[in-house]
Amino acid sequence: MRVLVVGGAGYIGSVVTRALVGEGHEPVVLDSLATGHRDAVPAQVEFIHADISQPAAVTSVLSRGVDAVMHFAALSLVGESVLKPELYWSTNVGGTRCLLDAMRAAKVQRLVFSSTSSTYGEPESVPIDELARVDPTSPYGSSKLAVDMMIRDESRAHGLAAVSLRYFNVAGAVADAGERHDPETHLIPNVLRVAAGLSPEVVLFGDDYSTPDGTCIRDYVHVEDLAAAHLLALDATGSRSRLGPGGHRVFNLGNGTGFSVLEVVEAARRVTGKSIPLRVASRREGDPAVLVASSRRIQTELGWSPRKPGLDQIVADAWAFLSDHP
Ligand code: UDP
């Protein structure tokens, strides 16, 4: 299948692109390189340097015959979104609006969208399933929720078959693709940067949450397992699948187990053998205390099950990637 991967030069998009190649599909990557890396795209994959809000570039590739689109192109920094909500609404929501217009014009009717657990905000209970109340605590989360709703409406009106995958905390790496954000804000790469001697200490954002050790609890899912979920979601948008044209389904993606920030640091100490100094700082705005997924829906409906659910394995794979790409 020919699949247009928008945002395929980023962390998750580049891992999914490899998974598509591995399954015999033909991905084409379109990326603005605003946050992605050209060298994250495998050499044999066609690359188009463009933004999804440039209709000519998107229409041109879609008109060459594309069966489905996978959409990873978005800004994703919670803190930045609080300071610049207009940037998040125009990039994430406006960009997707342009993409959907181009897809409709080209009659491309299958979409897998990279959504987020940030759509739920502070949960009323955990684990969080897809029926939980959505009440984002940041413009990043609001913009992603708006896109989920835009896709739902597009599906109902115009026959798009679509899946929104709501990721919890994606981490880990595959052999030659991993996390390379600048600035890096995520916990696991930041902790490993300290282990590698690239940063002096881990800054721990708050140890006064109402959790057993006072630090936030998150559900870490291996990027390789996430990529496998995208391939299942792609299949689900096929005309013979239950989803079919006009269907939009949301699936949460996590392992269903929560680890505190301190437990992640402990895992990194075990994996790397380094001491990893810590400094406690104040809370980071918009951080819910506990986010743990129920992934029962994707397990029962699409047959997904994580192959690498262990925290030490996730950290070890991220460490191997960082060690190779310091
Ligand atoms: N965190 C931290 N120090 C860091 C990065 C993150 O204490 O350098 C905390 C953050 O406050 C949150 C958890 O680690 O409680 C996971 O943060 P991350 O940015 O990795 O993912 P998020 O849950 O925000 O999507």
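Here, the structure is the one placed above.
The following refers to the structure shown. (Residues numbered from 1 in each chain as written. Predicted model: local features only at pLDDT ≥ 70, side-chain atom pairs only at ≥ 80, totals over all residues. Heavy atoms only, no water.)

Digging into helix α7 (residues 223-236)
An α-helical turn contains 3.6 residues, so a residue and the one three or four places further along point in the same direction.
Thought 1: In a regular helix each residue adds 1.5 Å, so 14 residues correspond to 20 Å; α7 covers 20 Å between its end C-alpha atoms and thus fits that length.
Thought 2: For α7, the buried fraction is high: ten of the 14 residues fall into the buried class. (Helix = DSSP H or I, 4+ residues; strand = E, 2+ residues; numbered from the N terminus. Expected span 1.5 Å × (residues − 1). Buried < 20%, exposed > 50% of the residue type's maximum accessible area, 1.4 Å probe, protein only.)

Things to note about the sheet that holds strand β14 (residues 290-291)
Thought 1: The mixed open sheet is built from three strands, whose spatial order is β12-β9-β14. Of all the strands in the sheet, the pair left with one neighbour each is β12 (259-260) and β14.
Thought 2: One ladder, built from two bridges, connects strand β9 (residues 217-218) with β12; its direction is antiparallel. Note on β12: the bridge partner recorded for I217 is S260. (Pairing = 2+ DSSP bridges.)

Focus: unusual backbone geometry
Thought 1: Cis rather than trans, the peptide bond between V126 and P127 has omega equal to -5°.
Thought 2: Positionally, P127 belongs in the loop between β5 (110-116) and α5 (139-158).
Thought 3: Phi is positive for I276, which is not a glycine, with a value near 55°.
Thought 4: Tracing the chain through its elements places I276 in the loop between α8 (261-272) and β13 (278-281).
Thought 5: Of the residues examined, I276 reaches a relative accessible area of 2% and is grouped as buried.

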